[in-house]
Amino acid sequence: MTKPSITILGSTGSIGRSTLQVVALHPDKYQIFALSAFNNVELLFEQCKVFTPHYAVLAAITPNPELDQRFKEIGVELLFGLDALEYIAAHDTVDIVMAAIVGVAGLQSTLAAARCGKRILLANKESLVVSGKLLIDAVKQHHATLLPVDSEHNAIFQSLPINHQQGLDQHGIRKIILTASGGPFLHKQFHELTHITPEQACKHPNWNMGKKISVDSATMMNKALELIEACWLFNASASQVEVLIHPQSIIHSMVTYKDGSVIAQLGCPDMRTPIAHALAYPERIESGVEILDLAKIGTLQFEAVNMERFPAIRLAYEVVQTGGTASAIFNAANEVAVGSFLEGEIPFNHITEIIERVLNHMTMGPVESLAAVLAADHQARLVTQQIIKKSKV
Ligand code: NAD
Ligand code: MG
């Protein structure tokens, strides 16, 4: 039997590198078909030397004969530009696509994988948040498989019955409980957040992640996006999803049933576990993650989320209620605001404030096509930039 062939979109990022670590443990089970980076040539080249894919993609770089030659010498065909991402996601030879690009930039390649009936391991939550119904419909229509890699959603998936897509009510499910570490500033007062530097915001207490998601975790925008992601993945209403602070990130999420049972998935906070789960599902394989030692951990803590301290969660509930392009606008405003914060242009505690202003300023429409989503994304970016510019005057 031939080994399943994998494309990793965003192989040089945190999730991409963890995926390659898991794949490296199973040379008998998987082969890499294609890898992609935005512009990190050196890391992509090193990965190609080890995993010898057919293709490597540099999404942000225009065709370059010297680079071409360098990759050719190690037996890899180098492709350039954004369209190449769709090509390696949709290629006939590919069985599994790891969607690990950060932000809405991952949308088109993820959709391309869905339209070609691939097994999609979804880390790129933003693509589902912004395109919601479009991506879910494409998965259904083309018999693709969507497996969540986000640790919370992977935990929920593991805690739900197999046919949960028929509806949570039918399976006696009362609620999905999405756990949140609360990030590095859980107990800081709002005014203390003014002088937070990008370095401080990117230092998560439990997880080692890319910069954007680290800032999102600190503002709790990550949990806000995950709430929307959960509604789409599990066909849940916003009122069926609750956020619970759990600072140790050991319980990755839970499902409560009508009979009072609560089923949870626990593990060390290491993304190789959900990656290995989604890769091998329904089998189980080694991930390289150490086994959880609860006696050593001793205590697990929980607290309710304070929506005044973390307005992102309140906004996410409102965005789900509004529907349509609201979530694309929510996401775009966040991507621009986080970019500005990382550039030192706005203080940390302005991020969610700016997002709320963008939401109040814009008119939402239906999500009937990719063009409608991209137009809302584009418009929201312009509005966010204007609001940021005014706030600096
Ligand atoms: P990262 O910044 O470490 O890596 C992002 C990858 O995408 C890199 O390979 C980069 O080259 C590529 N990329 C960036 N911008 C691009 C663009 N415009 N076009 C094409 N490629 C581009 O990010 P990450 O932390 O690995 O996160 C990836 C995704 O997984 C995000 O959606 C994040 O929310 C999600 N996620 C990450 C974690 C984690 O632990 N890191 C956990 C859960 C979910
Ligand atoms: Mg998560």
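Here goes a summary of the coordinates provided.

Time to look at the pattern of salt bridges. Within the structure shown, the criterion is met by 16 salt bridges. Between Asp-216 and Lys-212 there is a salt bridge; the shortest N-O distance is 2.8 Å. Of this pair, Asp-216 and Lys-212 both sit in helix H9 (residues 211–219), separated by 4 residues, roughly a single helical turn. The class for Lys-212 is buried, based on a relative accessible area of 12%.

This next bit is on the coordination of the magnesium ion (ligand 2). Ideal coordination angles are 109.5 degrees for a metal with four donors arranged tetrahedrally and 90 or 180 degrees for a metal with six donors arranged octahedrally. The protein atoms that coordinate the magnesium ion (ligand 2) are Asp-150 (OD), Glu-152 (OE) and Glu-226 (OE), at distances spanning 2.1 to 2.2 Å. Residue classification places Asp-150 among the buried residues on the basis of a relative accessible area of 6%. According to the relative accessible area criterion, Glu-226 is buried, its value standing at 0%.

Turning our eyes to something else, we now look at helix H7 (residues 151–159). For H7, a buried count of 8 out of 9 residues is recorded, marking the element as mostly surrounded by other parts of the structure. Every buried residue of H7 is accounted for by Ser-151, Glu-152, His-153, Asn-154, Ala-155, Ile-156, Phe-157 and Ser-159. Here the buried face of H7 lies against strand S7 (145–148), strand S8 (173–180), helix H10 (221–233), strand S10 (251–257), strand S11 (262–266) and helix H11 (272–280).

Below, the discussion takes up the nonpolar core. Leu-44, Phe-71, Met-98, Leu-279, Phe-330, Phe-348 and Ile-351 are the most contacted members of the largest nonpolar core, which totals 132 residues. When residues in this core are grouped by element, the largest group, 10 residues, is from helix H14 (residues 326–342). Among the domains, domain 1 (5–148) and domain 2 (164–268 + 297–392) are the pair contributing at least three residues each to this core. Ignoring anything within four residues of it in the chain, the contact list for Leu-279 reads Ile-6, Val-22, Val-23, Tyr-30, Ile-96, Arg-119, Leu-121 and Ile-285.

A few words on the environment of Leu-78. Position of Leu-78 relative to the elements: it lies in strand S4 (residues 77–80). Leu-78 sits in the buried class, given a relative accessible area of 6%. Setting aside anything within four residues of it in sequence, one finds Leu-78 in contact with Leu-44, Ala-56, Val-57, Leu-58, Leu-67, Asp-68 and Phe-71.

Within the structure, ligand 1 sits among 23 residues, and Thr-12, Ser-14, Phe-38, Glu-126 and Gly-210 are positioned closest to it. One nitrogen or oxygen atom from the main chain of Gly-13 is found 3.1 Å from an oxygen atom belonging to ligand 1. Between ligand 1 and Ile-15 there is a distance of 2.9 Å, counted from an oxygen atom to a backbone nitrogen or oxygen. Starting from 830 Å² of accessible surface for ligand 1 in isolation, the protein chains cover 88%.

This brings us to the sheet that holds S11. A sheet is described by the order of its strands in space; here 5 strands give the open sequence S11-S10-S8-S9-S12, paired in mixed fashion. Of all the strands in the sheet, the pair left with one neighbour each is S11 and strand S12 (303–304). Taken together, the 4 bridges between S8 and S10 define a ladder with antiparallel strand orientation. Bridged to Ile-177 within S10 is Met-254.

Rules behind the numbers
Along each chain, residues carry numbers from 1 onward, in the same order as the chain's sequence is written. For this description, chains carry letters from A and ligands carry numbers from 1, given in the order in which they are written. Per-residue local features are limited, in this predicted model, to residues with pLDDT of at least 70; the limit for side-chain atom pairs, both in listing and counting, is 80 or more; totals at the level of whole chains, interfaces and linings are taken over all residues. Remark: hydrogens and water are excluded; side-chain values derive from all non-hydrogen atoms of the structure. Each reported salt bridge corresponds to a side-chain nitrogen of Lys or Arg within 4 Å of a carboxyl oxygen of Asp or Glu. Segments assigned H or I by DSSP are reported as helices when at least four residues long, segments assigned E as strands when at least two residues long, and all are numbered from the N terminus. Burial classes follow relative accessibility: with a 1.4 Å probe on protein chains only, a residue under 20% of its type's maximum area counts as buried, one over 50% as exposed, and anything between as partly exposed. Sites may look incomplete because water is not among the atoms; the donors themselves are N, O and S atoms within 2.8 Å of the metal, or within 3.2 Å for Na, K and Ca. In this analysis, two residues are considered to be in contact whenever any of their non-hydrogen atoms come within 4.5 Å of each other. Think of a nonpolar core as a cluster: buried Ala, Val, Leu, Ile, Met, Phe, Trp, Tyr and Cys residues, connected wherever their side-chain atoms sit within 4.5 Å. The split of the chain into domains comes from an automatic or database domain assignment. Proximity criterion: a residue is near a molecule or strand once any of its heavy atoms comes within 4 Å of it. Residues adjacent in sequence count toward polar contacts only when both atoms are side-chain atoms; beyond that, a polar contact is any pair of N or O atoms within 3.5 Å, and within protein one must be able to donate a hydrogen and the other to accept it. All accessible-area figures derive from a Shrake-Rupley calculation using a 1.4 Å probe, and residue coverage is judged against the displayed protein chains alone. Two strands pair under a simple rule: DSSP has to find at least two bridges between them.

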